[in-house]
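# Notes for the structure review
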Amino acid sequence: MSAYSSDQDLTVTDASGSGVEVDVATNLLNGIVRLSVLWTQEIYLHPDDAERVAQSLLRAAAHGRRIAEARGPEPDERLSSSD
């Protein structure tokens, strides 16, 4: 089971028609936000889709803050380069 919860309101695919998708997810254990480009390393977005991704990131950031605040103060946790 993944600790990440994807933004179900975000449905954005590559403007070139390749089927590449964007996923924004929040780690429910520590509040870290993950931005994934599925099936490739780059994506081309129409301006409206870019705005949808930005709004999704803002929602995830707020969700992540709530999770982190609920956990209370802990030692600084950083993503390792292997994550």
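Before going into details, it helps to say that this report is about the structure given with it. (Residues numbered from 1 in each chain as written. Predicted model: local features only at pLDDT ≥ 70, side-chain atom pairs only at ≥ 80, totals over all residues. Heavy atoms only, no water.)

## Some points on the pattern of salt bridges
Evaluation of the coordinates by the stated rule reveals 3 salt bridges. R34 is the salt-bridge partner of D23, the closest N and O atoms lying 3.2 Å from each other. Taken together, the residues D23 in strand β2 (residues 21–27) and R34 in strand β3 (residues 33–38) connect sequence positions 11 residues apart. According to the relative accessible area criterion, D23 is buried, its value standing at 12%. (Salt bridge = Lys/Arg side-chain N within 4 Å of Asp/Glu carboxyl O. Helix = DSSP H or I, 4+ residues; strand = E, 2+ residues; numbered from the N terminus. Buried < 20%, exposed > 50% of the residue type's maximum accessible area, 1.4 Å probe, protein only.)

## Let's talk about a nonpolar patch on the surface
Among the surface-exposed residues, V33, L35 and L57 lie close enough to one another that they form a single nonpolar patch of about 210 Å² accessible area. Mapped onto the fold, V33 is located in strand β3. A relative accessible area of 33% places V33 in the partly exposed class. (Patch = residues over 30% accessible without salt bridge, like charges linked within 9 Å, V, L, I, M, F, W, Y side chains within 5 Å. Areas by Shrake-Rupley, 256 points an atom, 1.4 Å probe, with all protein chains shown as cover.)

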